[in-house]
Structure formats: C-alpha cells, structure tokens
Amino acid sequence: MPAAEKIKVANVSDLVALVGKKVIVKGEEIGLFLTENNEIKAVNNVCPHKGGPLSEGTVSGDFIFCPLHDTKVDLCTGETPEEDYECVRTYEVEVVDGEVHICL
Amino acid sequence: MSKKRLVLIGNGMAGIRTIEEILEREPDMFDITIIGKEPYPNYNRIMLSNILQNKMTMDETIMNPYSWYEENGITLITGERVVAVNRSQKNLTTEAGRVIEYDKCIIATGSNAFLLPVDGSRLDGVIGWRTIEDTERMIEMAKTRKKAVVIGGGLLGLECARGLMDQGMEVTVLHLAEWLMEMQLDRKAGDLLREDLEAQGMHFEMQANTQEILGEAHVEGVRLSDGRVLEAEMVVMAVGIRPVTKGARAAGLEIGRGIIVDDYMQTSDPDIYAVGECCEHNSKVYGLVAPLYDQGIVLADHITGRPTEGYSGSTTFTSLKVSGCDLFSAGKIYESENVKGIEVYNSVDRIYKKVFVQDEHIVGAVLYGDTEEGNRFYNMMKKGDSIEEFTLVSLMHKAGEVDAISVETMDDDEIICGCNGISKGTIVEAVHRDGLTSVEEVSKVTKAGNSCGKCKGQIGDLLEYTLGDNFVANAPTGICGCTDLSRDQIVTQIRAKGLKTSKEVRHVLDFNDKGGCPKCRPAINYYLNMVYPHDHEDEKESRYANERYHANIQKDGTFSVIPQMQGGVTNAEQLMKLGEVAIKYDVPLVKITGAQRIGLYGLKKEELTQVWKDLGMRSASAYGKKTRSVKSCVGKEFCRFGTQYTTQLGIRLEQTFEYIDTPHKFKMGVSGCPRSCVESGIKDFGVIGVENGFEIFIGGNGGTEIVAAELLTTVETEDEVIKLCGALMQYYRETGIYTERTAPWLKRMGFENVKEVLLDPVRQQALFDKVMDAKKAVEKDPWQEIIENEEKQKIFEVERV
C-alpha cells in the first residue's frame, strides 16, 4: 500500500457547524463536515444512491442525509445503514495549527 | 307490549353514558327522549380545558354526534331547559311549553360552577367555567383583555389558568389554602406543582381570601380580606361546583347536597332516577367522571330489570391536564395515626411519589413528575391488594429493574381506563372479537381512552401484546422517527416551556435521536420561527438545501436561479440582463417556469452569489415552503372579459406577503373573470374577479393530489382580499403541520371552522396583524442579504486543491 499523502484542504475557520463544505482535491469531490461534537469528518461527496452532493445535505450526529433523496450515510464508516448501497469512501482528518488536512 | 317512555333530563356525559349502557342491554325496550339545555350534542366536558389550551377544537370534543341519536331512534331536544317535573301526571314541561310524558325519568342535570357570594360577583367579566359557551366567552374576552384572575387553585382553576395563558393573558391564581390542590396533593407535591407553573409564567397569591370583586359595570379588580388588591379585566371563579337540584326540589324529591339516591340510583320517587354530579349517594357527591360511569352501569342494570349488586360508592383519582405538570392523586393523601406514608423524592428530575398505607393495604397515592404508576396503585387500592410481597422503597437500580409495569402481567380484571372503568380483559376481548388494531378503534368500541386519554399509551401496549406479530404499529403519532410527540404536542411544549432552539426542543422533549433527522429538523426550525418570529435565530443548518442556498437543487447537484417578476410582469432591461447572465455563465437551460417566471437552470453552487449580483434582481423564493410567485392574467387592463385589475392585485399580494414562511409552499392566483385563466380554483389562495368584487377561494392544491378550492366568500375591495389572504396565511402558519399543504389542512381543521375564524372581523384583524408582524422579520431579499455579507457567503464557497 502506498503511503498516505496528507493534503491541506481548508482552514477550520472556513467550516460552519452542521453545514457541509465541498472541496475538490485532485479532481476528487470531497465533503467536509463539522459535527455537533466538534469533530471534522471527510467523505467522498458523491451519494452512492443517485450521485447527490452530500455536502449540501443535513448533518445529524455522525450522519449526513443526502439533499436529493435523504439517503443516510455514516460519516465515520461511509456505510448507508438504511440501504444496501456501496460504502462511501472516508478520509482520515488531521487538524494542525487550524488547518484541516486529509489523508488521501 | 308497547315501549315504555324513558326521558333523560340533561344531555351530558353521565346521562348519555347511562343511555348507552341501557341500549347495550335493551335496544328496544324504551322510547327515549333526551332534553338538554345546551345547544350541542353530548360533548366531553373534561376536554374543555384542552380547547382553552389550544390543544383541541370544539368538534373534537363531541362524543356522540347528532347521527348517534338518530341511529338509536332517540328524540333529542337541545337548547331547552326543563322547568317543571309533574310527578302526579308523570310528565315534564320545558321552557318552550312542551309537555313530555314519561314512564321512567332519569335526571342527569350535572352541576354549575359555584359563584362566591361576594360583592361584584355579578359584574360583567366574572365567569363560572362549566360549558362550551363559557369557554367561547373566555376565548373571546381574552382577545381584548390582558389581565385575568382565577379564584381557586384546584384542578379546574389551574387548567383554566393555563388555558388563559395560552390565550395570551397574564394570569394570577388566588388560592385560599397554603398550597395548591390541597384536597388532592400534600404540601410537597403542591409546592412542586406551584414551582413548575410559576416557571411557565403563572402568578400565585396564596392564602388569598377573596372579599370583593371591584368594578363599575365591568370587573376591574379583586380585593382580598387582608387588603391586597389585584387588577383584573376578567375573573374566573373555580372554587367548586354545586349540583343542579332546583327542578328536582320543586318536584318534591328528597334533596341533600344533591338529589338523594339509593344504591340503585333511584330517588325518593321510584320512577325517577338520578345519576352523575347532581345526585348524592351515601352522603357523597362526586365531581369526577369515573363514579358517574359506575353509577350508569348500576342504573342501566336496574332499569332493565337485571340483577345488580347496587352502587357502593367509588374510589376516585385525579390527574391534571397541564403540560409539564404530570400529577396523579387518589384516595387518602394525609398521614394520620393509622395511615403511614412511603415516599420517594428525586429532586434531579423533580419526581415525587408517595403511597399511603393502612393495615398493609394501599389507601392513597400522590405522584408528581412521573405518573406512569398511577393506574397500578389505583388498581391495588380498588382491589384491596396486600403490599406484603412488595419492596417498599428501593433506590438507584438500573433502568428497567423496578417500576416496570407490564400490561402482560396484569390481571384481566385490572382497570386500564380509570375514567370509564374498562378492564384489561374487556379490551383484550374486544380486540379479538372485533379484530381491532388501533387505539382509536379500541376507544370507539370499548370507550377506553376517550375521556381523559391518559391511558392511551397502555392501550397501545396492550394491543401490541395481544396481537403480537400481527400488531401493525399504527400510523405513529410522532412527527418523525425521532419522537412520539405530535406537531401539536411539540408546539404546545415550545410555548409552555419557552424552548428557544431546535436542539433544546430535542433534548428537553427527549427525542430518541438527539441530532434529529431531515424530517423534524426543518419542521422544528419552522415552528420556532412561527412562535418567535423576531427572537428565534433561523437555523440555516436545519433548512433543506433549497432554503439554505436560496436556490432549487437539481438532480446533478447544480442549482436553478429564478428571479422575482412580480405579477409575471417584466421589461426589456430585465430580459437583456437575464440574457447576458445566461451567456456569461453558459447556462444550460433557460425556461419559463410553471409559475410564469423565467428560470436559469444548471448553475453551480459556487456561482450563485455572483449570478445574483450580476442580475441585480430579487429572489422569487421559488424554492421554499413560503409565499410563491403569484400567477395572474392581464385582467381588465387588456382583456375584453376582465372585470378587475388582476395584475395589479397579483403584484400587491406578492409584495405584501413575500418571503413569509408557511408549513408548505403557498401559491396564489388572481383571475379577472370566472374563466379563471390562471386556475385560481387550485390555488392555496385563489381570487376570481367578478363584476361586484372578488370571489375568494381557499385550500386548492394542484400538486400530488388535486383538490379544488372552496369558495370562502366574496368581497368588494382589494384591501379586503389582502386582509383575508394574510389571515388565512397566519391561521395556516399557526395550526399547520410542517409539509402539510392547505388542502389536507383545511380538511383536518374543517372548512366551516376555518371560515368562521377568517370571517370573524376581530379574529381576522388579529391574524392579519400577526402575519404582518412576522413579515417584519423577513423584510429583506435573501439574495441581497447574502451578497452584502461575506460571512453568509462562506457556505457557497468551494475550494480546489
């Protein structure tokens, strides 16, 4: 396995609690989420159901609900607990000096 | 043999329940006539406090509709009082001079509110609360008067005070004793209750002995015997009730405090029975429902010639219908030489429980904060169970170890519905026999749960247990999977507990999922905005994407931009601007929308703010659950059939109500003649111009389910149209369930009821004023607001790395 590459994608101050942020990293769309517990999560932004932009959805606890058809996605595991869709890719997040880095 | 003539005087809960019991035994034995002085069929008097507290409508309290009387061949005379009972002739005379003959007569005249015999008790504005009419008068007065005093801190007084607060009044309760409900609560529970009610904003004057009610023609205040004077524009007397015995006394029946009856509910005249609050049995007069029903059963057995053990008095219990103050009380509630108490007090959750024991038996109970066990203690009291095998007090067990009352382990004769005396066995039998699957069905067939409604949860448990896997979880009552609470319960709690954020709502009301879901999050945000239009800070994170980004999200995640063109009127400058923007951003689709506007489709989120800036136009809010673009025809200005200036009116409607949130989208249309080119008949608010004015249609939906609008009225001026539209919007805002469109709303509320509210000039004005006040909070064009505020643009930005 190649070593994970850390990339700075945003500043913590750019994030709004419970409102997702879309970043495009090397052509890949990633959704960043600041949850109620003050944790930052990063997942592939494309909903496994019909491709909706997860960053525009509703954040509740550790879950994101897609804005198109309310598909529920676990931000920690990428699973869709109520459906049998393919897992969404999740990314490890590291915060250093107020900067958000993700491991690709 | 011809049928015997049975006449019931009094069309209330006790009398009708007795008739139901009789019909169940002998449907054809009697020719029944019922005479009631109130102009309604039998309604649930217990629920009047829910009407006052805005939790129920009048219609919902009707227990036996007019059709019930017809189906059972009963002659019903309402709005007429019986003035004389002539026992020697065996007939009655009504105030209209009607003479009605009887073979058997039942008196169920109930009771009146007791008015304190103090100076001023007859002043205008002094009310004794007992009937629908009293309730309506109070609601009416509450619109123009601010300060109310309720005399009496008992059950009725407190429910009344809470109701008047819900009607917007400032309420002070005067109570003679040292703590509230001293007949049912001990000091500790009484004090807990007072603290909780004070936190809701109720004021109290304790040990307050009313000496005089002040005022000239109209009540102005109350003077207490210690000199305290309280200002009041309304005074409600809730110090007790007095059995109605006047007619019975005049007829020469034996009277004590009530009409005296024997164990078979017979008065001193064997052909005349008495039942309910008007009668006195064994020196006792009851003012609660449960005993009335016990009495009705005995009466029915006796009058139909069935064997009966007779009536031997009732054990009663009390609960209060005020949100956030759950309490239960039954039997003896004071310790004495022989009566010992076992109590538990948990000041963390404000829960207090005390059980009173005499000779190893429970003789009374007071519960505050958690009343789930009320029925269990009440059953143990009624059955005389020994407490021998119980652990009397146990502290700090893991959840579920104690206190679990499972319907499964209950005996068949244990009472589930205390009001109607319906046992577990009766319910289970009915469920099997009639194939019942919902709580509503059980209530309909067995009466369980249709009085105070507190046992509905247990009925649900019982259904689940009885039907096992066949139990289809009935349409859940909660607004979503996160809670069992309904819209009304949530809104009531928001007001009662003063909840200010949706997070607070989910935590205080103990949602299963404290984070909420896409169903309840926007709903609660809406309710909070509705209740506190100026004080609640709109929660963007709880809005749907459309409303958060002020644009309609499309299937590929792009957005559409639809600028305002009021009344569908545009000009060359706007069209050129739209063209330039479409070219600059390479907009994939430019299209006329369903609502006669121009839409640019396929814009990226990060482009939105710049597009709005370039356009320099306002948002048409074509994406929200709020006022939408108003459709209109060209009208009188150009059309040869037009009767009114419809475009002008359409523009005025759109301007007046723009950006106001509603439970679902709110569409309007203005047509200039009955040809109705804009299809006003399927609009939430539709106007059709006619020669002499404007026809107003409401509750039409052209969406998923097509429903034609109802004709509300015809008005003469545009001002009246605007006024009615505002009133409708506000009434819908205040009572609608989030995502419920006006057609189902209208059906649920009842067109006649909505019509009455909207056409009442005082209520119409009040609603209009409220919607205009709410408008002040959303005065600004949301696009402009975002363009001017960099912080607000943050959620639109997309980073590229």
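Here the residue numbering is sequential within each chain, running from 1 through the sequence in written order. Chain letters start at A and ligand numbers start at 1, both assigned in the order the entries are written. Under the rules for a predicted model, residues below a pLDDT of 70 receive no local features and side-chain atom pairs below 80 are neither given nor counted, while totals for whole chains, interfaces and linings still include all residues. Hydrogens and water are ignored here; the side-chain numbers use all heavy atoms of the structure.

### Some words on the overall build of chain A
Right, so step 1: Counting its regular elements, chain A contains 0 helices and 9 strands.
Right, so step 2: Helices and strands in chain A line up, N terminus first, as β-β-β-β-β-β-β-β-β.
Right, so step 3: Exposure categories follow from relative accessible area, calculated using a 1.4 Å probe and restricted to protein chains: below 20% of the type maximum is buried, above 50% is exposed, and the middle band is partly exposed. For chain A, with 104 residues in total, the buried portion stands at 49%.
Right, so step 4: The criterion used for residue contact is that any of the two residues' heavy atoms lie within 4.5 Å. Residue pairs in contact within chain A that sit at least 24 positions apart in sequence constitute 38% of those at least 6 positions apart.
Right, so step 5: Where accessible areas are quoted, they stem from the Shrake-Rupley method and a 1.4 Å probe; at the residue level, only the protein chains shown are allowed to cover. As displayed, chain A offers around 4800 Å² of accessible surface, 45% of which is attributable to carbon and sulfur atoms. Only DSSP runs of H or I covering at least 4 residues are called helices, and only runs of E covering at least 2 are called strands; the numbering of each starts at the N terminus.

### Quick look at the packing of helix H11 (residues 424–434) of chain B against helix H12 (residues 439–446) of chain B
Residue and element names in this part refer to chain B.
Right, so step 1: Only the stretch in contact is used when fitting a helix axis, every axis being a line fitted to C-alpha atoms; angles between N-to-C directions are given from 0 to 180 degrees. At a minimum axis distance of 10 Å, the contact between H11 and H12 shows a crossing angle of 105°. Taken as axis vectors, H11 and H12 run roughly perpendicular relative to one another. Together, Thr-426, Ile-427, Ala-430, Val-431, Arg-433 and Asp-434 of H11 and Val-442, Val-445 and Thr-446 of H12 make up the contact between the two elements. Here is the rule for angles: anything less than 35 degrees is roughly parallel, anything more than 145 is roughly antiparallel, 65 through 115 is roughly perpendicular, and the remaining ranges are oblique.

### Structural notes on the environment of Thr-18 of chain B
Residues and elements named next belong to chain B.
Right, so step 1: The residue Thr-18 is located in helix H1 (residues 13–25) in this model.
Right, so step 2: Residues Thr-18 and Ile-297 lie 279 residues apart in sequence; the distance between their C-alpha atoms is 6.6 Å.
Right, so step 3: What Thr-18 contacts, discounting residues up to four positions off in sequence, is Ile-106, Val-275, Gly-296, Leu-299 and Ala-300.

### Describing helix H24 (residues 761–776) of chain B
Residue and element names in this part refer to chain B.
Right, so step 1: Under the convention used throughout, the expected extent of a helix is 1.5 Å for every residue step, that is, one less than its residue count. Between its first and last C-alpha atoms H24 spans 23 Å; for 16 residues at 1.5 Å apiece the expected length is 22 Å, and the two agree.
Right, so step 2: Listing the buried residues of H24 in full gives Gln-764, Leu-767, Phe-768, Val-771, Ala-774 and Lys-775. Taken end-on, H24 shows its buried residues confined to a sector of 120°, consistent with a single buried face.
Right, so step 3: Packing partners of the buried residues in H24 comprise helix H20 (646–657), helix H21 (718–735) and helix H23 (751–759). Picture the helix axis, draw a direction to every C-beta atom, and the arc is the one those directions span.

### Here's the deal with the pattern of salt bridges
Residue and element names in this part refer to chain B.
Right, so step 1: A pair is scored as a salt bridge if a Lys or Arg side-chain nitrogen falls within 4 Å of a carboxyl oxygen belonging to Asp or Glu. Under the criterion given, the structure shown has 61 salt bridges over all chains.
Right, so step 2: Residues Glu-195 and Arg-350 are paired through a salt bridge, measuring 2.9 Å at the closest nitrogen-oxygen approach. Note that Glu-195 is positioned in helix H7 (residues 187–199) and Arg-350 in the loop between strand E23 (340–346) and strand E24 (351–358), a separation of 155 residues in sequence.
Right, so step 3: With a relative accessible area of 25%, Arg-350 lands in the partly exposed category.
Right, so step 4: Among the salt bridges present, the one from Glu-606 reaches Arg-800, with a minimum N-O distance of 3.2 Å. Highlighted residues: Glu-606 in the loop between strand E31 (598–603) and helix H19 (608–615) and Arg-800 in strand E39 (residues 798–800), separated in sequence by 194 residues.
Right, so step 5: Given the relative accessible area of 58%, Arg-800 is considered exposed.
Right, so step 6: Connected through shared salt-bridge partners, Arg-17, Glu-20, Glu-21, Arg-25, Asp-301 and Lys-447 make up one network.

### With respect to the confidence of the model for chain B
All names here are of chain B.
Right, so step 1: Confidence of the predictor at the level of single residues is captured by pLDDT, which takes values from 0 to 100. Mean pLDDT over chain B stands at 90; residues scoring 70 or higher make up 98%.
Right, so step 2: Note on residues 400–404: pLDDT is under 50 here. Beyond four places in sequence and across chains, it has 4 contacts.
Right, so step 3: Quick note on the complex model: pTM equals 0.54, ipTM equals 0.93.

### Focus: the nonpolar core
Residue and element names in this part refer to chain B.
Right, so step 1: As used in this record, nonpolar core signifies buried Ala, Val, Leu, Ile, Met, Phe, Trp, Tyr and Cys residues forming a set joined through side-chain atoms within 4.5 Å. By size, the foremost hydrophobic cluster in this structure holds 45 residues, and its most contacted members are Met-138, Val-150, Leu-158, Leu-164, Leu-193 and Leu-197.
Right, so step 2: If you count residues domain by domain, this core takes at least three from each of domain 1 (4–111 + 243–303) and domain 2 (126–239).
Right, so step 3: Ignoring sequence-local partners within four residues, the contact set of Leu-197 consists of Leu-158, Leu-180, Met-202, Phe-204, Val-322 and Cys-325.
Right, so step 4: Grouped together as the second largest cluster of nonpolar side chains are 44 residues, Tyr-69, Val-82, Cys-278 and Ala-300 included. Domain delimitation in this document rests on an assignment produced automatically or drawn from a domain database.

### Considerations on the environment of Cys-480 of chain B
Residue and element names in this part refer to chain B.
Right, so step 1: For Cys-480, the location among the structural elements is in the loop between helix H13 (456–467) and helix H14 (487–497).
Right, so step 2: Separated by 38 residues in sequence, Cys-480 and Pro-518 place their C-alpha atoms 9.2 Å apart.
Right, so step 3: Excluding its chain neighbours within four sequence positions, the residues that come into contact with Cys-480 are Cys-517, Lys-519 and Cys-520.

### Overview of the packing of helix H22 (residues 742–749) of chain B against H23 of chain B
All names here are of chain B.
Right, so step 1: Viewed as axis vectors pointing N to C, H22 and H23 meet at an angle of 95°, and their least axial separation amounts to 6 Å. Regarding the angle of H22 to H23, the classification is roughly perpendicular. Along the contact surface, H22 presents Trp-745, Leu-746 and Met-749, while H23 presents Phe-751, Asn-753 and Val-754.
Right, so step 2: All amino acids are sorted into three groups, where Ala, Val, Leu, Ile, Met, Phe, Trp, Tyr, Cys and Pro are nonpolar, Asp, Glu, Lys and Arg are charged, and the leftover types, Gly among them, are polar. The residue makeup of the contact of H22 with H23, split by class, is 5 nonpolar, 1 polar and no charged.

### Looking at the side chain of His-175 of chain B
Right, so step 1: If you trace the backbone, His-175 of chain B turns up in strand E11 (residues 170–175).
Right, so step 2: Leaving out residues up to four positions away in the same chain, His-175 of chain B has contacts with Gly-152, Gly-153, Gly-154, Leu-180, Met-181, Glu-182, Glu-205, Met-206, Gln-207 and Ala-208 of chain B.

### Structural notes on the environment of Lys-584 of chain B
All names here are of chain B.
Right, so step 1: Residue placement: Lys-584 occurs in helix H18 (residues 572–584).
Right, so step 2: C-alpha of Lys-584 to C-alpha of Val-611: the two residues are 27 residues apart in sequence and 9.3 Å apart in space.
Right, so step 3: N or O atoms within 3.5 Å of each other form a polar contact, as long as, within protein, one can give a hydrogen and the other can take it, and as long as residues adjacent in sequence are counted only when both atoms are side-chain atoms. A distance of 2.7 Å separates polar atoms of two side chains, one belonging to Lys-584 and the other to Asp-614.

### Some points on the interface of chain A and chain B
Right, so step 1: With 31 residues of chain A at the contact, the number on the chain B side is 26 residues.
Right, so step 2: Here the buried area means the combined drop in accessible surface, using a 1.4 Å probe, for two parts upon being joined, counting both sides. Roughly 2200 Å² of surface becomes buried between chain A and chain B when both sides are summed, with 54% attributable to carbon and sulfur atoms.
Right, so step 3: Applying the counting rule to chain A against chain B returns 3 salt bridges.
Right, so step 4: As a salt-bridge pair, Lys-605 of chain B and Glu-56 of chain A come within 2.7 Å of each other at their nearest N and O atoms.

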